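Remarks on the overall topology
Each chain, written out:
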Amino acid sequence: MLDSPGDWAKKCVEQFGADLICLKFDGIHPDKVDKDAAHAVKVTQEVLKAVGVPLILWGCGNDEKDNQVMPRVSGAAKGEKCLIGTVTENNYKSLTAIALADGHYLITEAPIDINIAKQVNILASDMGFPLERIVTFQSTGALGYGIEYAYSIQERQRLAALTGDKMMAMPAICDVGSESWRAKEARLANAPGWGDASDRGPMWEATTAVCLLQAGVDIIRMRHPRAVTAVKNFINQVW
Amino acid sequence: MILIGERINGMFTNVKQAIATKDKKLIQDLAAKQTKAGAAYLDVNVGTAAADQEGAMKWLVESIQETCSTPLSLDSQKPAVIAAGLKVINAGNGVILNSTPLNKKSDEEIMDKYMEMASQAGPKASIIVLTMDKNGVPQDVDTRVAIAAEIVSKAMEKGFDTRRLFIDPIILPVKVPGAQVQPGNILAAIDQIRLLAEPAPHMAIGLSNLSQGTTERSLINRVFLAMAISRGLDSAIVDVFDRDLMNAVATAEMLMNKQIYSDSFLKVY
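First, a word on what this report is: a plain description of the structure on this page. Small disclaimer: the values here were computed from a predicted structure and weren't measured.

What follows concerns the packing of aromatic side chains. A complete count under the given rule lists three aromatic pairs over all chains for this structure. With a centroid separation of 5.9 Å and 85° between ring planes, the pair formed by A:Phe234 and A:Trp239 is classed as edge-to-face. Here the aromatic rings of B:Tyr261 and B:Phe265 are separated by 5.6 Å at their centres, their planes lie at 45°, and the arrangement is tilted. Using a relative accessible area of 34% as the deciding quantity, one classes B:Tyr261 as partly exposed. The ring of A:Phe129 has A:Arg133 sitting right over it, with the charged end atom 5.1 Å from the ring centre. The ring of B:Phe12 has B:Arg7 sitting right over it, with the charged end atom 4.1 Å from the ring centre.

The structure is reproduced here in structure tokens:
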């Protein structure tokens, strides 16, 4: 299953109720597996074929490699209205232009910085990218690891939008799954007094997600099926 | 900041001529360019020259809406001229009825008429009411605020949402003898008028009037506008083509924490 991204995505949608599938191309990072664009394109095509939900196509964070690979990935999904990213203040031109040409949506990224978030949105919109096709991403801090910063920045962004700042009025995405599971509290198997590890991890992720949802975040990238169930349950009760 | 573009006004020679010769293109160009420059509303004033003001208003509204969906501010002191515009307008995105005094000798009920027309025009229709009554334009702060209080209570009595109410404290040309005290009075009046209702009514001014006849029009306009924004002014009828003015608005709003700072904050308008 793990070797077949298409089947994996299908399982996430059909069994675990994913509304979107996020392909995070960590493997293309030169310091990780350094996979090439052809591989990323192949994975994208497989997943596109396997599921009908919208895709998020997320680069590895290495500007040079992303600029090389993501245009090919974008082209492979042309017209599929994927959410593609991320673009930053210092690296936005090529991916913004390509996302525009291929009819995708764009993730603009800022390092928990409200001013830079606005700046990237202005830069992208200055290139003619429609504001209503932008989703913002502030680097996510998990429970115990900076969640208060993530919470307050998302809250500030939402309040700015509600008071009429159109450059801040986009949906926001958070990367809760991978950030939560980086916490030792979520992962450590043998930790007397911390409770059962099999509950603790999903709870750590669900708590982080629920907290950020309340700050006004719209899209949450998640990992553990039990955390997804808990968060969906919360969403259905509150909204 | 709700900026209302002032350029479609029969007081300007080219607009006056366009009305006379039915030159749609000029009007539509002004509408498009003002929208691009950051106008949230376009003021539409037939001026005094048109013989048939109602017909001219109708023609202007129809011509603009053929090519532009920016909401309009129908600018006339005559209810019949406003009504003529409202007959043909698409008010789905909003419309401002600009403007009426609290009352006047010849028509005690004029503000009620404007509220009535706005109510009929739809939920997004607003009115601008001048702090002026049958005794004329007040010169001091207290009378301005007293008239504003009457305006607000009249609106509340009729169930007219104060968020659809713009109060204009009437700015006079600074160059008129004895008027130099007025800009300061206006600022003091804004402070007090905003406290009259919760939610507060909008505050609007016809900015360009301030600098009539002066040598440094743009500078005077933008400095005063920045000062007024710092006191809570949230709307003005302005020349949106004045780049320096627009930059001053963006900067004042950013400094007042109304807009989040970014390196390109000037591109907001």
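Residues and elements named next belong to chain A. Strand order in the open sheet made by the seven strands is β1-β2-β3-β4-β5-β6-β7, with parallel pairing throughout. Of all strands in the sheet, those bounded by a partner on one side alone are β1 (21-24) and β7 (219-221). Taken pair by pair, the neighbouring strands of this sheet meet at an average axis angle of 25°, ignoring direction. Note that strand β6 (residues 172-175) and β7 share three bridges and pair parallel. When the sheet's bridge partners are listed, Asp175 is paired in β7 with Arg221.

With that settled, the discussion passes to the sheet that holds strand β6 (residues 165-168) of chain B. Residue and element names in this part refer to chain B. Read around the barrel, eight strands follow the order β1-β2-β3-β4-β5-β6-β7-β8 and close on themselves; strand pairing throughout is parallel. Strand-to-strand twist across the sheet, computed as the mean angle between neighbouring axes with direction ignored, equals 25°. Bridge count between strand β1 (residues 2-5) and strand β8 (residues 235-238): four bridges; the pairing is parallel. Bridge pairing in β8 places Ile2 opposite Ser235. Helix α3 (residues 53-67) contacts β2 (41-44) and β3 (72-75) of the sheet and is inclined by roughly 170° relative to β3.

Glancing now at the pattern of salt bridges. This structure, assessed with the given rule, holds 23 salt bridges over all chains. Here B:Lys267 makes a salt bridge to A:Asp126, at a shortest N to O gap of 2.5 Å. Taken as a pair, B:Lys267 in the segment after α9 (243-255) and A:Asp126 in helix α5 (residues 114-126) lie in two separate chains rather than in one. Classification of B:Lys267 by relative accessible area gives partly exposed; the value is 45%.

Counting residues in hydrophobic clusters, the biggest one holds 79 residues, and the most contacted among them are B:Leu74 and B:Leu225. Looking at which element gives the most residues to this core, the answer is helix α6 (residues 141-157) of chain B, with seven residues. Residues A:Ala37, A:Met70, A:Ala77 and A:Ile134 belong to the second largest nonpolar core, which totals 32 residues.

So, about the side chain of A:Asn91. Residue and element names in this part refer to chain A. The topology assignment puts Asn91 in the loop between β3 (83-87) and α4 (93-101). Side chain to side chain, Asn91 and Asp63 meet in a polar contact 3.4 Å long. Beyond its immediate stretch of four places on either side in the chain, Asn91 contacts Asp63 and Asn67.

What follows deals with the packing of helix α3 (residues 63-76) of chain A against α4(A). Residue and element names in this part refer to chain A. The geometry of α3 relative to α4 is characterised by a closest axis approach of 10 Å and an angle of 5° between their N-to-C directions. In terms of orientation, α3 lies roughly parallel with respect to α4. Contacts between α3 and α4 involve Asn67, Met70, Pro71 and Ser74 on the former and, on the latter, Ser94, Leu95, Ile98 and Ala99. Residues that form the contact of α3 with α4 fall into these classes: five nonpolar, three polar and no charged.

Turning to unusual backbone geometry, a few remarks are in order. Peptide bonds are, in most cases, trans, and in most cases residues other than glycine have a negative phi. A:Gly85 connects to A:Thr86 through a cis peptide bond whose omega is 0°. A cis amide bond links B:Asn98 to the next residue, B:Ser99, at an omega of 5°. With respect to the helices, strands and loops of the structure, B:Ser99 is situated in strand β4 (residues 95-101). Phi is positive for A:Asp34, which is not a glycine, with a value near 55°. Within the secondary structure layout, A:Asp34 lies in the loop between β1 and α2 (37-50). Even without a glycine there, the phi angle at B:Lys22 is positive, about 55°. Position of B:Lys22 among the secondary structure elements: in the loop between α1 (13-21) and α2 (24-37).

Conventions adopted
Residues numbered from 1 in each chain as written. Chains lettered and ligands numbered in written order. Predicted model: local features only at pLDDT ≥ 70, side-chain atom pairs only at ≥ 80, totals over all residues. Heavy atoms only, no water. Phe/Tyr/Trp six-rings, centres within 6.5 Å; stacked < 30°, edge-to-face > 60°. Buried < 20%, exposed > 50% of the residue type's maximum accessible area, 1.4 Å probe, protein only. Lys NZ or Arg CZ within 6 Å of the ring centre and 35° of its normal. Pairing = 2+ DSSP bridges. Helix = DSSP H or I, 4+ residues; strand = E, 2+ residues; numbered from the N terminus. Axes fitted to C-alpha atoms, helices over the stretch in contact; angles between N-to-C directions. Contact = heavy atoms within 4.5 Å. Salt bridge = Lys/Arg side-chain N within 4 Å of Asp/Glu carboxyl O. Core = buried A, V, L, I, M, F, W, Y, C linked by side-chain atoms within 4.5 Å. Polar contact = N/O pair within 3.5 Å; in protein donor to acceptor, adjacent residues only side chain to side chain. Parallel < 35°, antiparallel > 145°, perpendicular 65-115°, else oblique. Nonpolar A, V, L, I, M, F, W, Y, C, P; charged D, E, K, R; others polar.

Shape descriptors only; they carry no functional weight alone.
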